[in-house]
Amino acid sequence: MLLIGYGNPGRGDDGLGPAFSEGMAARGLPGLDVDTDYQLVAEHALTVSGHDLVVFADAEINGEKAFSFREVSPGAPEVLGSHSLVPETVLALCETLYGASPRAFVLGISGYDYGEVKEGLSDKAAANLAEAEMFFLSWLSETVPLEAAAHA
């Protein structure tokens with residue numbers, strides 16, 4: 001399984017994705033590969049192609065709850081450039097270029113403070129991050145054994 005956390009830690013709560021992925025990487029969870037980046041780019045399609053399951057973690061603006069979690073499918077890009085892709089586009093590139101179609105989810109963690117150039121999360125975003133971490137660890141403990149059984 002692959003976790004990709006992305007966003008800009010120098011822009012306040014936009015750093016939620018990297019904070020999430022770095023926190024999970026620090027736990028050293030077996031079977032979980034972790035990647036942290038500023039944004040999704042075409043090169044992520046190669047990394048994604050080597051996994052059966054991928055979770056993209058990012059900050060979410062105007063979220064109704066602490067976090068959202070949804071399954072995503074490959075989608076055609078509106079504009080394909082080298083700057084800042086969405087998960088659906090990375091999945092489409094993965095499928096087109098490498099013939100791989102991993103199951104994929106997006107974890108959006110609600111953030112509030114994006115304006116200034118500053119490091120660190122707002123207190124509310126940090127609380128949302130903690131909730132998202134608890135959810136993910138529970139989901140992971142239920143999902144990874146199921147994935148392993150499916151490939152046995």
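Each value, and the rule that gives it
Residues numbered from 1 in each chain as written. Predicted model: local features only at pLDDT ≥ 70, side-chain atom pairs only at ≥ 80, totals over all residues. Heavy atoms only, no water. Helix = DSSP H or I, 4+ residues; strand = E, 2+ residues; numbered from the N terminus. Expected span 1.5 Å × (residues − 1). Buried < 20%, exposed > 50% of the residue type's maximum accessible area, 1.4 Å probe, protein only. Contact = heavy atoms within 4.5 Å. 1 Å grid on protein atoms, 1.4 Å probe; cavity = no way out; pocket = protein on both sides within 12 Å on 5 of 7 lines; lining within 4 Å. Points joined across faces, edges and corners; volume = space filled by probe spheres on them. Nonpolar A, V, L, I, M, F, W, Y, C, P; charged D, E, K, R; others polar. Core = buried A, V, L, I, M, F, W, Y, C linked by side-chain atoms within 4.5 Å. pLDDT = per-residue confidence, 0-100. Patch = residues over 30% accessible without salt bridge, like charges linked within 9 Å, V, L, I, M, F, W, Y side chains within 5 Å. Areas by Shrake-Rupley, 256 points an atom, 1.4 Å probe, with all protein chains shown as cover. Salt bridge = Lys/Arg side-chain N within 4 Å of Asp/Glu carboxyl O.

Next up on the list: helix H3 (residues 87-98). Helix length check: H3 (twelve residues) gives 16 Å between terminal C-alpha atoms against 16 Å at 1.5 Å per residue, within 8%. The complete set of buried residues in H3 reads Pro-87, Thr-89, Val-90, Leu-91, Ala-92, Leu-93 and Cys-94. Tucked inside the fold, the buried residues of H3 contact strand S1 (2-6), helix H2 (44-49), strand S3 (53-61), strand S4 (67-72) and strand S5 (103-111). Among the residues trailing H3, Gly-99 stands out with phi positive, at a value near 65 degrees.

What follows is about the layout of surface pockets. What the largest pocket holds in volume is close to 250 Å³. Listed by contribution, the elements that provide at least two residues to the lining of the largest pocket are S3, H3 and S5. No other element matches S3, which puts three residues into the lining of the largest pocket. Split into classes, the residues belonging to the lining of the largest pocket amount to eight nonpolar, four polar and five charged.

Counting residues in hydrophobic clusters, the biggest one holds 21 residues, and the most contacted among them are Met-1, Phe-20, Val-55, Leu-107, Phe-136 and Trp-139. Contributions of two or more residues to this core are made by helix H1 (16-27), S3, S5 and helix H4 (123-150). Per-element accounting of this core gives the leading share, six residues, to H4. Not counting the four nearest positions on each side in its chain, Phe-136 is found in contact with Met-1, Phe-20, Met-24, Leu-32 and Val-55. Ile-4, Ala-45, Val-54 and Leu-85 belong to the second-largest nonpolar core, a separate cluster that totals 17 residues.

Another point: the confidence of the model for the chain. Looking at the chain, the pLDDT average stands at 89 and 89% of residues meet or exceed 70. Below a pLDDT of 50 lies the segment residues 148-152, which in the model reaches one contact outside its immediate sequence neighbourhood of four places, other chains included.

For the rest of this paragraph, the subject is a nonpolar patch on the surface. A surface patch of nonpolar side chains, amounting to about 310 Å² of accessible area, comprises Leu-46, Leu-97 and Tyr-98. Along the polypeptide, Leu-97 turns up in helix H3. Residue Leu-97 is classed as exposed on the basis of its relative accessible area, which comes to 52%.

Turning next to H1. For H1, spanning twelve residues, the distance from its first C-alpha to its last is 17 Å, which sits close to the expected 16 Å at 1.5 Å a residue. Within the sequence span of H1, burial applies to Leu-16, Gly-17, Pro-18, Phe-20, Ser-21 and Met-24. Just downstream of H1 lies Gly-28, where phi reads positive at about 60 degrees.

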